[in-house]
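Descriptive analysis of the structure
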Amino acid sequence: MQMPASGDVEACLSFVVPAYGERPFSYVSEPPPGVPWEGASYEQHRVQISDARTTRPSIDREGFELLPSHSGIDDFTDEAAVREVHYPEIAELVLGATGAEQAFVFDHLLRRREAARGPLGFGRKDGRGVASANGRVHNDYTESSGRRRLGLVLGDALPAAQGRRHAIVNVWRSIGGPVVDTPLALCDARTVATADLVHSEVRYPHRTGEIYQGRFSQAHRWSYFSRMDRDEALVFKQYDSQTQGVSRFVLHAAFDHPGMPEGAPPRESIEARCLVLY
C-alpha cells in the first residue's frame, strides 16, 4: 500500500562541505568562460523530518509557523496582480505573525519542480523566470547582508529607521494543489550553531549577494508541513537584528517526499520576502 504524503519522514537533504580558505559560490546565470556554476562540494545526509502539523511551532521560537491565508489572486503568474493584490496580503499576514509595526514586501519568486524530477540543486530560473525547487540547505541572508537589506529597502527613509529592530521574513505558499511531492524542510533555529552557517556568495550578472549555506549537524531538528494547500502560508525568519531571545536564521531546503503518490503533479509555489520594522 502506497504511503500518503504526510506524517514524519526520513529523507535526504543536501549540505555544503566548505573547503578551507575558499568561500562557496553559485552563479544564478551563465558564468564567465572557464568558471564553474558552483564553487563548493555538497553531501547528502538522510535526516528525520517531523510533520509539524502535530506541533505548534512559532516564528519567534523555532523560527517558522503555518497560518491560514486566503489570497484574492487566481493567477500568480500575473506579475501586476501579485504586486498590487498579493503584496498587501503578505504585509498584513506578516504584521500579524510578528507583531511588527511596519512591513515592506520587496520581492517574490515563482518555483516549480521539474517534471523529470531530477536531482534537486540550487534552483535556478528557466527562460520564463520560474525557478526550480532549491534543494541546497541555506538561509537567504547573513548577518551582514541582513543589515544591508534595511537600507536597500528603505532608501531615503533609512535615517528614520536607524536604531529600530528589523527582521526579514519569507512567506511561502502553494499556488497549485496540495504539495505532496517536494515540500520545504525547515530547521529549528534553536538547534543551529554559528559554526553550522557557512558564508556563501550568490553571483548575479551585475552584483554578488551573500547567504548562509548549512553544514550538517546531528543536533539539527527538521520539520515540514504536510500537504500544504493554497489557503495556507508558511512564514519563517531569515534575519533578525535582535540577537537574543528570538529566532534569527532558519535553514531550509526542498526535499523529495518519499511518500509522493504516483502521478503527483509537480509542486508549484510562490515565495515573497518582507522586511519588518518593530
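Parameters at a glance
Residues numbered from 1 in each chain as written. Predicted model: local features only at pLDDT ≥ 70, side-chain atom pairs only at ≥ 80, totals over all residues. Heavy atoms only, no water. Helix = DSSP H or I, 4+ residues; strand = E, 2+ residues; numbered from the N terminus. Polar contact = N/O pair within 3.5 Å; in protein donor to acceptor, adjacent residues only side chain to side chain. Contact = heavy atoms within 4.5 Å. Buried < 20%, exposed > 50% of the residue type's maximum accessible area, 1.4 Å probe, protein only. Pairing = 2+ DSSP bridges. Salt bridge = Lys/Arg side-chain N within 4 Å of Asp/Glu carboxyl O. Phe/Tyr/Trp six-rings, centres within 6.5 Å; stacked < 30°, edge-to-face > 60°. Axes fitted to C-alpha atoms, helices over the stretch in contact; angles between N-to-C directions.

Here the focus is the side chain of serine 200. On the secondary structure map, serine 200 appears in strand S9 (residues 197-203). Looking at serine 200, its side chain comes within polar contact range of the side chain of glutamine 213, at 3.2 Å. Among residues more than four places away in sequence, those in contact with serine 200 are Arg23, Pro24, Gly209, Glu210, Ile211 and Gln213.

Right, let's talk about the side chain of aspartate 140 for a bit. By the secondary structure assignment, aspartate 140 is in the loop between strand S6 (138-139) and helix H2 (143-154). Within polar-contact distance, the side chain of aspartate 140 engages the side chain of histidine 252 at 3.5 Å.

Quick look at the pairing of strand S8 (residues 184-187) now. What you see with S8 is no split at all: Leu184 and Leu186 on one side and Ala185 and Cys187 on the other are buried throughout. Here S8 runs beside strand S13 (residues 252-254); their pairing, made up of three bridges, is antiparallel. Across the sheet, the residue bridging to alanine 185 is alanine 253, located in S13. Judged from the two bridges that link them, S8 and strand S11 (residues 222-224) form a sheet pairing that is antiparallel. Opposite leucine 186, over in S11, you have serine 223 as the bridge partner.

Relative to S9, strand S2 (residues 25-27) is paired through three bridges, and the arrangement is parallel. Note on S9: the bridge partner recorded for phenylalanine 25 is glutamate 201. Two successive antiparallel strands, S9 and strand S10 (residues 208-214), enclose a turn made up of four residues.

Attention shifts here to the pattern of salt bridges. Opposite charge on two side chains permits pairing when their charged atoms draw close. Scanning the model with the defined rule gives 24 salt bridges in all. In this structure, arginine 128 and aspartate 126 form a salt bridge, with 3.2 Å as the shortest nitrogen-oxygen distance. A relative accessible area of 65% places arginine 128 in the exposed class. Through salt bridges with shared partners, a single ionic network connects Arg61, Glu62, Asp188, Arg190 and Arg221.

Looking now at the packing of aromatic side chains. By convention here, two paired aromatic rings are described through the distance between centres and the angle between planes. Taken as a whole and judged by the stated rule, the model has seven aromatic pairs. A centroid spacing of 6.3 Å and a plane angle of 85° characterise the contact between phenylalanine 64 and phenylalanine 225, whose relative ring orientation is edge-to-face. Of the two residues, phenylalanine 64 sits in strand S4 (residues 64-68) while phenylalanine 225 sits in the loop between S11 and strand S12 (232-240), which places them 161 residues apart along the sequence. By relative accessible area, phenylalanine 225 is classed as buried at 6%.

Right, let's talk about unusual backbone geometry for a bit. Residues apart from glycine generally show negative phi values, whereas peptide bonds are mostly found in trans. Phi is positive for arginine 117, close to 50°, though the residue is something other than glycine. Its relative accessible area of 23% is what places arginine 117 among the partly exposed residues. With phi around 50°, arginine 227 is a residue other than glycine that occupies positive phi space. Considering the arrangement of structural elements, one finds arginine 227 in the loop between S11 and S12.

We now examine the sheet that holds S4. Within the open sheet, the five strands sit side by side as S4-S12-S7-S14-S5. Their pairing is antiparallel. Edge positions in the open sheet fall to S4 and strand S5 (102-112), since each of these has one partner strand only. Each neighbouring strand pair of the sheet contributes to a mean axis angle of 25°, computed without reference to strand direction. Pairing of strand S7 (residues 166-174) with S12 involves six bridges; the strand directions are antiparallel. For asparagine 170, the partnering residue across the bridge sits in S12 and is phenylalanine 236. On top of the sheet, helix H1 (residues 79-98) reaches S4, S5, S7, S12 and strand S14 (268-277); it is set at about 120° to S5, its chief contact.

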